Amino acid sequence: MIRFHRVTKRYGPHTYGLHEVTAHVEKGEMAFLSGPSGAGKTTFLRMIYAAETPTEGQVLVAGRNIAKLRESSIPYLRRNIGVVFQDFRLLPDRTVFENVAMALEPLHTARDKLRQKIMAVLGQVGMTGKIDEKPSALSGGEQQRVALARALVNEPAILLADEPTGNLDAGMSQQIFALLREINLRGATVVIASHNDELVEKYAQHIFRLERGRLVNPRGDGERRP
Amino acid sequence: MKDAVHGLFGRTWRNLRAELWSNIGTVFAVGLAASIPLVFALAAWNLGRLVDKFVGQLEVVAYISVDASEAQIAAAAADIRRLPAVETVTVVTSEQALQRFAEELPDAVGVARELGENPLPPSLEIVLKPAYRDLPPTAEFTAQIQALTGVVEVDDGRQWIGRLNRLLRYLWMITTLMGLFLTSAAGLLVGHAIRLAIYRRREEIGIYRLVGATNRFIRGPLLLEGAAQGLAGAVVGLAICWALYRYAAYRLHSGDSLQSWLLGSPHLHWFPWTIALAAAAAGALLGLTASFLSTRRFLRI
């Protein structure tokens, strides 16, 4: 599903985001990127949804070469990828419903179908009771659930999570990871960047450890768990 | 398609409402900028109508020597009647001229009487045929009359028409220059407003990009907002111009006798609705163009 082949991202003559990274994530896997801040986890994720292009090497996502993707094709790639962030990125002046609806608006979904889909995905993340609330009225965990709902409402094949529990306490983090696992079990390929080692150890099937832009295990298959 | 159009207008309306005061400010600034060339254009247009009317009603007057005999006057009138452009020729004797003078300016007639003899010369009032009225008399026509025996001076109004046309040309020139300058300023205002909107909505735009929105999807409402601002600005400009026109019309119609004497009874006219509509459409087009340029420059998708 996701293939990095000797990918290097250079920001300056001696500044690397990623350096000669080769990694494969198979369809339906739940993979983790671990490592300290600045290791290249976010750069890795950004390349998957074509927010960055490699300086060298190839990134293939669902068979499409990111470096060769035309700018006009990027939106269509992103419709198959859901992304959640540490800071949730919800619009404060919109309700839970409206925030989730943002992901369906570019697809021009009919109003009745839009409502149906949003209610279903909010049910999935346990937020149906708060559709008319603004993000400021929600806890951090609830906001992340809404962000997850927005990422999932298009039923993407790939879900990327960049430090999804970075702003949450241990209990909430546990709930979000359990939810991500559930999403993975429903068939989505999930890639999570996290430095929460405890949760990574608990949920990981496949771990890529990054340090200063390099994979600790350079073979590309990371560390697999039974 | 229906859902896409509905969504586009829905998002535009939501954005316009969310930034209501900033949009109202932009619309009024554009309206003020648009009103100035519109006022000048209206003045020029009215002056143009006045010139046309003046030309249409133009009467050529040939003044005859005070020494000319009645036979000479009648012969000159007959010669003029034979010219192809002439419809009628009316002989006004010195006495009739003095009588008119007394009727029109009763206060000044005493001065004329004190002179002892009638100072006003006889004249021939020449009305041109309708086909010739829309054009000022040619120099050739005036020269033909001037050459007749007894004719001392011909007042064909060309001097006045020339002056009015020059004034009209200057007025249109000022209108055009001011229009170009203020239209550019209005375009910059809309462009700047769109740039600010892009900045204020950077988070929203970022999320839309993330969920797979196309350039067209993100740019669409911004273009519509620019067009709406331009259209509303033009309407405000027309409204300001209309208010000034109403005020000017009121002042001119309630005028005193001096004003009536100087200007006759001028009736100001409002633009035909097609021109007002074209001005509004031009405003919308200007807003759309400014928004397009602004999004192209500042919206990196």
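In this text the structure is predicted, and so the values were computed from the model without any measurement. (Residues numbered from 1 in each chain as written. Chains lettered and ligands numbered in written order. Predicted model: local features only at pLDDT ≥ 70, side-chain atom pairs only at ≥ 80, totals over all residues. Heavy atoms only, no water.)

### Side note on the overall build of chain A
Okay, so step 1: When you go through chain A residue by residue, the secondary structure sums to 7 helices and 11 strands.
Okay, so step 2: Whereas a compact globule of 226 residues would reach a radius of gyration of roughly 17 Å, chain A reaches 17 Å, a difference of no more than 12%.
Okay, so step 3: For chain A, the C-alpha atoms occupy an extent of roughly 50 × 40 × 35 Å along the three principal directions.
Okay, so step 4: The burial tally for chain A puts 54% of its 226 residues in the buried class.
Okay, so step 5: Considering only contacts within chain A whose residues lie at least 6 apart along the sequence, 68% involve residues at least 24 apart.
Okay, so step 6: Counting every atom, chain A has about 10,100 Å² of accessible surface; 47% of that belongs to carbon and sulfur. (Helix = DSSP H or I, 4+ residues; strand = E, 2+ residues; numbered from the N terminus. Rg over C-alpha atoms; globule rule 2.2 N^0.38 Å. Buried < 20%, exposed > 50% of the residue type's maximum accessible area, 1.4 Å probe, protein only. Contact = heavy atoms within 4.5 Å. Areas by Shrake-Rupley, 256 points an atom, 1.4 Å probe, with all protein chains shown as cover.)

### Re the side chain of B:Ser294
Residues and elements named next belong to chain B.
Okay, so step 1: Relative to the elements of secondary structure, Ser294 occurs in helix α12 (residues 273-298).
Okay, so step 2: Here Ser294 falls in the buried class, since its relative accessible area comes to 4%.
Okay, so step 3: Excluding residues that lie within four positions of it along the chain, Ser294 makes contacts with Gly191, Ile194, Arg195, Ile198 and Leu299.

### Observations concerning the confidence of the model for chain A
Okay, so step 1: Confidence along chain A averages 88 in pLDDT terms, with 96% of residues attaining 70 or more.
Okay, so step 2: Element-level mean pLDDT values for chain A span from 64 in strand β11 (residues 223-224) of chain A up to 95 in helix α3 (residues 96-101) of chain A. (pLDDT = per-residue confidence, 0-100.)

### As for the interface of chain A and chain B
Okay, so step 1: The interface is formed by 22 residues belonging to chain A together with 18 residues belonging to chain B.
Okay, so step 2: For the pair chain A and chain B, the two sides together bury roughly 1,700 Å², of which 62% comes from carbon and sulfur.
Okay, so step 3: On the surface where chain A and chain B come into contact, there are 2 salt bridges.
Okay, so step 4: For B:Arg14, the salt bridge goes to A:Glu105, with nearest N and O atoms at 3.7 Å.
Okay, so step 5: At the junction of chain A with chain B, the criterion picks out 4 residue pairs in polar contact (both at pLDDT 80 or more).
Okay, so step 6: Elements with a contribution of two residues or more to the side of chain A that touches chain B: α2 (74-78) and β6 (81-85) of chain A.
Okay, so step 7: Tallied by class, the residues present in the side of chain A that touches chain B amount to 12 nonpolar, 2 polar and 8 charged. (Buried area = accessible area lost by both parts, 1.4 Å probe. Salt bridge = Lys/Arg side-chain N within 4 Å of Asp/Glu carboxyl O. Polar contact = N/O pair within 3.5 Å; in protein donor to acceptor, adjacent residues only side chain to side chain. Nonpolar A, V, L, I, M, F, W, Y, C, P; charged D, E, K, R; others polar.)

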